[in-house]
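What follows is the residue order along each chain.
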Amino acid sequence: GGDWLLFDKHSVEGNFKIFWNGEEVTRDKFEKVIVYDMSNYAIRPVWRDGENLLEIKIFGAQEFDGANGDIYVMKD
């Protein structure tokens, strides 16, 4: 229920959209979280029993764009 998905500051770069269980998580749902660095952000998705699907779609990727780092489940 209270678990977050934490992205470090370079986890995803470029023009991207994040989807959780098929629904877009818009940027206004991102929360700044300080974990070693002020540039981390997290989302609090609605978890369901069983499998949950995280999708990251990158549009018009340049050389360093894409999924470049780790994404963590952070316990509240």
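Asks: Now, about the overall build of the protein: what can you tell me, with residues and values included?
Replies: Looking only at helices and strands, the protein has zero helices and nine strands in total. Helices (α) and strands (β) of the protein occur, in sequence order from the N terminus, as β-β-β-β-β-β-β-β-β. By its C-alpha atoms, the protein is 35 × 30 × 20 Å across when sized along the principal axes. The buried share of the protein, reckoned over its 76 residues, is 26%. A sequence separation of at least 24 residues applies to 76% of the contacts in the protein between residues at least 6 apart. A total of about 5,400 Å² of accessible surface is found on the protein, and carbon and sulfur atoms cover 50% of it. Each charge class in the protein was averaged separately, 9 positive and 15 negative side chains, and the resulting centres sit 4 Å apart.

Asks: Kindly report on the sheet that holds strand S6 (residues 40-43), identifying the contributing residues and their values.
Replies: Taken together, the four strands give an open sheet; going across it, the order is S5-S6-S1-S9, and neighbouring strands pair in antiparallel fashion. Lying at the two open borders of the sheet, with one neighbouring strand each, are strand S5 (31-33) and strand S9 (71-74). With direction set aside, neighbouring strand axes in the sheet form an average angle of 35 degrees. Two strands pair when backbone bridges link them, and strand S1 (residues 4-7) and S9 are joined in this way by four bridges, in the antiparallel orientation. Within S9, the residue paired with Leu6 across the bridge is Tyr72.

Asks: Describe the sheet that holds strand S7 (residues 54-59), and please don't skip the residues or the numbers.
Replies: An order of S4-S3-S7 is seen for the three strands of this open sheet, with the pairing classed as antiparallel. Edge positions in the open sheet fall to strand S4 (23-25) and S7, since each of these has one partner strand only. Across the sheet, the mean angle from the axis of one strand to that of its neighbour is 35 degrees, orientation sign disregarded. The pairing of strand S3 (residues 15-20) with S7 spans six bridges and is antiparallel. Along S7, the bridge assignment pairs Lys17 with Lys57.

Asks: Can you tell me about the layout of surface pockets, naming the residues and giving the values?
Replies: As a volume, the largest pocket reaches approximately 220 Å³. Lining the largest pocket, in full, are Trp20, Asn21, Glu23, Glu24, Val25, Lys29, Ile43, Arg44, Pro45 and Val46. Ranked by the residues each element gives to the lining of the largest pocket, the list is headed by S4, at three residues.

Asks: Break down the nonpolar core for me, citing the residues and quoting the values.
Replies: For soluble globular proteins, the rule of thumb is that nonpolar side chains tend to be buried together. By size, the foremost hydrophobic cluster in this structure holds ten residues: Leu5, Phe7, Val12, Phe16, Ile18, Trp20, Val25, Phe30, Tyr41 and Ile43. Put simply, the parts of the chain that give this core at least two residues each are S1, S3 and S6. At three residues, S3 tops the list of elements feeding residues into this core. When neighbours within four sequence positions are excluded, Phe30 is seen to be in contact with Phe16, Ile18, Val25, Tyr41, Ala42 and Ile43.

Asks: An account of the side chain of Ser11 is needed here, citing residue identities and associated values.
Replies: Within the secondary structure, Ser11 sits in the loop between S1 and strand S2 (12-13). Here the side chain of Ser11 touches Asp8 through a polar contact of 2.9 Å, landing on its backbone nitrogen.

Cut-offs used in this document
Residues numbered from 1 in each chain as written. Predicted model: local features only at pLDDT ≥ 70, side-chain atom pairs only at ≥ 80, totals over all residues. Heavy atoms only, no water. Helix = DSSP H or I, 4+ residues; strand = E, 2+ residues; numbered from the N terminus. Buried < 20%, exposed > 50% of the residue type's maximum accessible area, 1.4 Å probe, protein only. Contact = heavy atoms within 4.5 Å. Areas by Shrake-Rupley, 256 points an atom, 1.4 Å probe, with all protein chains shown as cover. Lys, Arg positive; Asp, Glu negative; His and termini not counted. Charge placed at Lys NZ, Arg CZ, Asp CG, Glu CD. Pairing = 2+ DSSP bridges. Axes fitted to C-alpha atoms, helices over the stretch in contact; angles between N-to-C directions. 1 Å grid on protein atoms, 1.4 Å probe; cavity = no way out; pocket = protein on both sides within 12 Å on 5 of 7 lines; lining within 4 Å. Points joined across faces, edges and corners; volume = space filled by probe spheres on them. Core = buried A, V, L, I, M, F, W, Y, C linked by side-chain atoms within 4.5 Å. Polar contact = N/O pair within 3.5 Å; in protein donor to acceptor, adjacent residues only side chain to side chain.

From the geometry alone we can't say anything about function, so treat these as descriptive.
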